[in-house]
Amino acid sequence: MTQPSTTDVPKTVLITGASSGIGEATARRLAAAGHPVVLGARRAERLATLAKEIEAVGGSALPHSLDVTDPLSVRSFVAAAHERYGRVDVLVNNAGVMPLSRMDALRTDEWDRMIDVNLRGVLHGIAAVLPIMRSQGAGHIVNIASVSGLRVDPTAAVYSATKHAVRALSEGLRQESRELRVTVISPGLTRSELTDTINDQDTKDAVTGQMSVAIPAAAIGEAVHYAISQPADVDVNELVVRPTAQG
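We now turn to the structure provided with this report. Keep in mind that what you see is a predicted model, and the values were worked out from it rather than measured. Residue indices follow the written sequence of each chain, beginning from 1 at its first position. The predicted origin of the model limits local features to residues at a pLDDT of at least 70 and limits the giving and counting of side-chain atom pairs to 80 or more, whereas totals for whole chains, interfaces and linings rest on all residues. The basis for the side-chain values is all heavy atoms of the structure; hydrogens and waters are excluded.

### Here's the deal with the sheet that holds strand β6 (residues 180-187)
Right, on to step 1. Paired strands, in this sense, are two strands between which DSSP finds at least two bridges. Where helices and strands are cited, they refer to DSSP runs of H or I of at least four residues and of E of at least two residues respectively, numbered from the N terminus. Overall, parallel pairing links the 7 strands, which are arranged β3-β2-β1-β4-β5-β6-β7 in an open sheet. The open sheet is flanked by β3 (61-65) and β7 (238-241), the only strands paired with a single partner. On average, adjacent strands in this sheet sit at an angle of 15° to one another, irrespective of strand direction.
Right, on to step 2. Sheet analysis places strand β2 (residues 37-41) next to β3, joined by 5 bridges and oriented parallel. Bridge pairing links A41 to S65 in β3.
Right, on to step 3. What makes two residues a contact is simply this: any of their non-hydrogen atoms within 4.5 Å. To get an axis, a line is fitted to the C-alpha atoms, and for a helix only the part in contact is used. The angle between two axes follows their N-to-C directions and goes from 0 to 180 degrees. Across the face of the sheet, helix α5 (residues 157-176) comes into contact with β5 (139-144), β6 and β7 while running at roughly 160° to β6.
Right, on to step 4. Seen against the sheet, helix α7 (residues 217-228) touches β1 (13-16), β4 (90-93), β5, β6 and β7 and runs at an angle of roughly 160° to β6.

Here is the structure:
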């Protein structure tokens, strides 16, 4: 007998950074597949609009203000999801910033911001959902990393460090778990608002020049859908999704 896909049963999916880009695209894709989605980000108005659009086409969406750098905010986000739907099946740790610059520019505030959002934010999400998933005996954590977690380029040293760290903690969590699934998805050049967080003008110009080959955020949403749709005994540990033309 063929084991049914997990898509046969709707899953409550929590998505951080859901107000734009990969988070928004993932929310739309998973809601279209029948999964209730809980939308977290700081821009509450954009979340509310997205939730209305999802529900207008028959989906289920709960918007909730979220700052991933604040553990209390993350716990409130997870608690709201659990109260509304009774389960927390999937967490997509997507929120991120990418203020690239050379190390000798000494933009230390930006270094701290990347560590707070890209790394601590992921850890806060894991800490908030892990007890619930353990009690359920099942759960899935999807961490959005980057191809910068596979290589290091000039101007991306700190950003790459945070994404290497996300891959490392994901692998550690995977090895510690027998009931939870852990997936790392590493996007290449993808159309999103990440480049808007680059404040160094020379770096921003260089990155903008590369975006002509970028893939749509929907491609990453499709990868998330693929990972969570596998049978319960199949854990897709890592996916790299980038433009064919990217070097």
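### As for the packing of helix α4 (residues 108-136) against α5
Right, on to step 1. Close contact between α4 and α5 brings their axes to 8 Å; oriented N to C, the two are set at 15°. As far as their axial angle goes, α5 and α4 are roughly parallel. Seen from above, α4 lies across α5 with right-handed handedness. For the pair formed by α4 and α5, the contact residues are W111, M114, I115, N118, L119, V122, L123, I126, L130 and R134 on the first element and V158, Y159, T162, K163, A165, V166, L169, L173 and E176 on the second.
Right, on to step 2. Residues are grouped as follows: Ala, Val, Leu, Ile, Met, Phe, Trp, Tyr, Cys and Pro are nonpolar; Asp, Glu, Lys and Arg are charged; all remaining types, including Gly, are polar. Residue classes in the contact of α4 with α5 are distributed as 14 nonpolar, 2 polar and 3 charged. Here roughly perpendicular refers to angles of 65 to 115 degrees, roughly parallel to angles under 35, roughly antiparallel to angles over 145, and oblique to all remaining angles. A crossing counts as left-handed when the near helix is turned anticlockwise from the far one by less than a right angle, and as right-handed when that turn is clockwise.

### Re the pattern of salt bridges
Right, on to step 1. Whenever a carboxyl oxygen of Asp or Glu lies within 4 Å of a side-chain nitrogen of Lys or Arg, that contact is scored as a salt bridge. With the rule as written, the count across this model stands at 11 salt bridges.
Right, on to step 2. In this structure, R29 and E222 form a salt bridge, with 2.9 Å as the shortest nitrogen-oxygen distance. Separated by 193 residues along the polypeptide, R29 in helix α1 (residues 21-32) and E222 in helix α7 bring together distant segments of the chain.
Right, on to step 3. Each of the salt bridges in this network shares a partner with another, and the network as a whole consists of E24, R28 and E53.

From the geometry alone we can't say anything about function, so treat these as descriptive.
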